[in-house]
Amino acid sequence: MELLLLERELWDVVSGATPVPTGEEDAAKWLVRDGKARAAIGLAVEESQKVIIKQLKTSKEFWDALKKHHEKANITNKVSLLRQMSSMRFSGSRAMEDHIAEFLSIVERLRDLGELLRIIRLLRSCWVHCQRNIII
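This structure is a prediction, so every number in the text was calculated from the model and none was measured. (Residues numbered from 1 in each chain as written. Predicted model: local features only at pLDDT ≥ 70, side-chain atom pairs only at ≥ 80, totals over all residues. Heavy atoms only, no water.)

Visitor: When you look at the layout of surface pockets in this model, what are you seeing that I'm missing?
Guide: Where empty space is left can be seen by rolling a probe of water-molecule size over the atoms. The computed volume of the second largest pocket comes to approximately 250 Å³. Lining the second largest pocket are Met 1, Ile 41, Ala 44, Val 45, Glu 46, Gln 49, Trp 63, Leu 66, Lys 67, His 70, Glu 71 and Asn 74. Listing elements by their share of the lining of the second largest pocket, those giving two or more residues are helix 3 (24-44) and helix 5 (59-87). Looking at the lining of the second largest pocket, the element that brings in the most residues is helix 5, giving 6 residues. Here the lining of the second largest pocket is built from residues that sort into 6 nonpolar, 3 polar and 3 charged. (1 Å grid on protein atoms, 1.4 Å probe; cavity = no way out; pocket = protein on both sides within 12 Å on 5 of 7 lines; lining within 4 Å. Points joined across faces, edges and corners; volume = space filled by probe spheres on them. Helix = DSSP H or I, 4+ residues; strand = E, 2+ residues; numbered from the N terminus. Nonpolar A, V, L, I, M, F, W, Y, C, P; charged D, E, K, R; others polar.)

The following block contains the structure:
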């Protein structure tokens, strides 16, 4: 979405880098650009998220509200995925390849959420745990 707003030269309005000007003519131009930005954002969000921005007045308010909403969702997803990963146990009733594929799927989803460093730390602790429990 940010890239679309940049391409349409509206990001400065949405980000707050260009506040509402004081001059009447400049303020009118700013309002047109803000309206275009609100339309672009409003058309891009899912129906279920429109309630979040329905009562807001500016594109910056739209952006900030949606950003806050998605940050909460990302934190919840990260915690859930980290719990899934840390509670995974291999059982002999399924193939090792399936277990590894499920593990790597979670790793990939966490990486997409920006959790690469936490994944590396968790993998190190898993490796140490595995080394202690491997009977040769």
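Visitor: Sorry if this is basic, but what is going on with the packing of helix 5 against helix 6 (residues 96-112) here?
Guide: Between two packed helices, the angle of one axis relative to the other and the distance separating the axes together describe the packing. Helix 6 packs onto helix 5 with a crossing angle of 155 degrees between their chain directions and a minimal axis gap of 10 Å. The angle between helix 5 and helix 6 falls in the class roughly antiparallel. Of the two possible hands of crossing, helix 5 and helix 6 adopt the one that is left-handed. For the pair helix 5 and helix 6, contact is made by Lys 78, Leu 81, Leu 82, Gln 84 and Met 85 and by Phe 103, Ile 106, Val 107, Arg 109 and Leu 110, respectively. The residue makeup of the contact of helix 5 with helix 6, split by class, is 7 nonpolar, 1 polar and 2 charged. (Axes fitted to C-alpha atoms, helices over the stretch in contact; angles between N-to-C directions. Parallel < 35°, antiparallel > 145°, perpendicular 65-115°, else oblique. Left-handed = near helix turned anticlockwise from the far one by under 90°. Contact = heavy atoms within 4.5 Å.)

Visitor: Is there a simple way to think about the nonpolar core in this case?
Guide: As a rule of thumb, nonpolar side chains are buried together in soluble globular proteins. The biggest cluster of nonpolar side chains holds 12 residues, and these are Leu 5, Leu 10, Trp 11, Val 14, Ala 37, Ala 40, Ile 41, Val 45, Ile 53, Phe 62, Trp 63 and Leu 66. Looking at this core, the elements that each hand over two or more residues are helix 2 (11-15), helix 3 and helix 5. Beyond its immediate stretch of four places on either side in the chain, Trp 11 contacts Glu 2, Leu 5, Leu 6 and Trp 63. (Core = buried A, V, L, I, M, F, W, Y, C linked by side-chain atoms within 4.5 Å. Buried < 20%, exposed > 50% of the residue type's maximum accessible area, 1.4 Å probe, protein only.)

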